[in-house]
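Coordinate analysis (summary)
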Amino acid sequence: MFKIYQCFLHERGINVGEKEKSKGQKLMDEIGYKTSNAWEKIPDKDKIFSYCEDYKAFLDTGKTERECVKEIIERAEKLGYKDLDEIIDKKSTLNAGDKVYRNIRNKAIILAVMGKKPLEKGTRMIGAHIDAPRIDIKQNPLYENTDMAFFKTHYYGGIKKYQWLAIPLSLHGVIIKKDGETVEIRVGEDENDPVFTITDLLPHLAKDQMEKKLTEAVSAEAMNALVGSMPYDDKEVKSKVKLNILKILNEKYGITEEDFLTSELELVPAFKAKDVGFDRSMIGAYGQDDRVCAYTSFTALFDVQNPEYTSICVLTDKEEIGSVGNTGAESRLLEDFMADLCFLSSENYSDILLRRCLNNSIMLSADVNAAVDPNFEGTHDKYNAAYLGKGIAILKFSGSRGKAGASDAHAELLAKIRKVFNENDVVWHTSELGAVDKGGGGTIAMYIANLGVDVVDCGVPVLSMHAPFEITSKADVYSAYKGYKAFYEKLD
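To start, this report covers the structure provided alongside it. None of these values were measured; they are calculated from a predicted model.

Focus on the pattern of salt bridges
As enumerated under the stated definition, the model contains 36 salt bridges in all. When the shortest N-O distance is used, the salt bridge between Glu-20 and Lys-26 registers 3.6 Å. Here Glu-65 ties to Arg-134 by a salt bridge, and the two come within 3.5 Å at their closest N and O atoms. Separated by 69 residues along the polypeptide, Glu-65 in helix H5 (residues 65–78) and Arg-134 in strand E5 (residues 134–145) bring together distant segments of the chain. There is no split in this pair, since Glu-65 and Arg-134 are both buried. Where salt bridges share partners, they join Glu-53, Lys-56, Asp-275, Arg-280 and Lys-474 into one cluster.

In structure tokens:
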């Protein structure tokens, strides 16, 4: 009877729910806080899926920091971005609307769209990193043992070593020959390419191995990549398999064994980015930490036109090993870039102008967060954790245990981000990186904050972080893009 009455009222434009909410329920709706499922909040699902198709293509193209920089430059130049160093050489100036980039040693890149407001009023920056955990090749790598050829390796970043055994790996990087020529290496990505692997011990003989702690079960020095087993046809040669590999490399690339000493070679998973789940709602791929935030950052910047504040995308290297070196966030790469922008856009450049610019700037440190995994209970405080499918996650503080090594954002900045996200229908929630005393981690935020920039971490939740196959929600990826674009265009 209630259903019939409900239909009667509906025909007359009167909406009545199944059951009228209680006073307490209404009050909770008014003053309580709860997170939302991003899929339910974003009406146009086609936009999500379309956006993520290009994201997957970017992941497949850019499996190393060098490949990411190359791909981003190609995309940027098609949109009218100019090399900042060429502008400096020509003694040109910068004006509102100009688009520039700087390639930092082919491993990091900064892009900017000049704003209407003077730089001393500050900028709107988003910073991510484009390096990822991997297996590096040692400088003198090739050796032979029991008629098999191997590469010696040294893992890069925080990995669970056992996850990298017995999976197909591809070889990427550069070799600088003695005459100075640079040879680019990319083997294992094409369908007809060979792949490489790090072997594991069969369970029948692994009793001792399986009794060890996970951290001790696999020795780093035993993570040698199998690269060949066919001998060179010469009975007088001792290392026939090694020689045959050198011969193949010499014929294909013109290199000698000594050229390995001046190389940077990386082993990464050979598989491509794939949809995950019957509903195709998730993405599984290598390197989503932190290329998911890098991609959403630079594509958001590419869609910004004539911003009020100069909009900047900072994509750094070496974050996974502490942001060290002259391509990492701990260096002066951002400070130098900002100094050049100030110089080229002002008639009276001074160090004071640069300092004011930095101190008035705001950055989103765009790094991924560890999503709650129900298969592993107790790793998070569920009331303050990142979740897959609930939009972009804001991380007030990083660090570990008592916030050691943290960047801790100010409440005033959080209020600004909250306001701009809410006003632009960005699905978001707040998070921590795991339960207190369970561990923790850092981002580039602390290094940017040291320059005087107001900064907060804000990125995409990830399952299986640092594994060869990481998982993200397509709704979260798109929410990050929307949030970053709103930040560039709307944050005052």
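Some words on the side chain of His-466
By the secondary structure assignment, His-466 is in the loop between strand E22 (461–462) and strand E23 (470–473). Note on His-466: relative accessible area 17%, which makes it buried. Those residues in contact with His-466 that lie beyond four places of it in its chain are Pro-133, Gly-158, Gln-163, Trp-164, Asp-289 and Glu-320.

Observations regarding the pairing of strand E7 (residues 169–176)
Of all eight residues making up E7, seven are buried, and the element is well covered by its neighbours. Across seven bridges, the pairing between E7 and strand E11 (residues 263–269) is antiparallel. Across the sheet, Ile-175 pairs through a bridge with Ser-263, a residue of E11. The sheet contact formed by E7 and strand E8 (residues 182–187) spans six bridges and is antiparallel. Note on E8: the bridge partner recorded for His-172 is Arg-186. Between E7 and E8, which follow one another and run antiparallel, lie five residues, and Gly-180 among them has a positive phi close to 95 degrees.

A short note on the packing of H5 against helix H10 (residues 288–302)
For the pair H5 and H10, the least separation of the axes is 12 Å and the interaxial angle reads 15 degrees. Relative to H10, the element H5 is oriented roughly parallel. Judged by the twist between their axes, the crossing of H5 over H10 is right-handed. Seen from H5, the contacting residues are Glu-65, Cys-68, Ile-72, Arg-75 and Ala-76; seen from H10, they are Arg-291, Tyr-295, Phe-298 and Phe-302. Of the residues assigned to the contact of H5 with H10, the class counts are six nonpolar, no polar and three charged.

The rules behind these values
Residues numbered from 1 in each chain as written. Predicted model: local features only at pLDDT ≥ 70, side-chain atom pairs only at ≥ 80, totals over all residues. Heavy atoms only, no water. Salt bridge = Lys/Arg side-chain N within 4 Å of Asp/Glu carboxyl O. Helix = DSSP H or I, 4+ residues; strand = E, 2+ residues; numbered from the N terminus. Buried < 20%, exposed > 50% of the residue type's maximum accessible area, 1.4 Å probe, protein only. Contact = heavy atoms within 4.5 Å. Pairing = 2+ DSSP bridges. Axes fitted to C-alpha atoms, helices over the stretch in contact; angles between N-to-C directions. Parallel < 35°, antiparallel > 145°, perpendicular 65-115°, else oblique. Left-handed = near helix turned anticlockwise from the far one by under 90°. Nonpolar A, V, L, I, M, F, W, Y, C, P; charged D, E, K, R; others polar.

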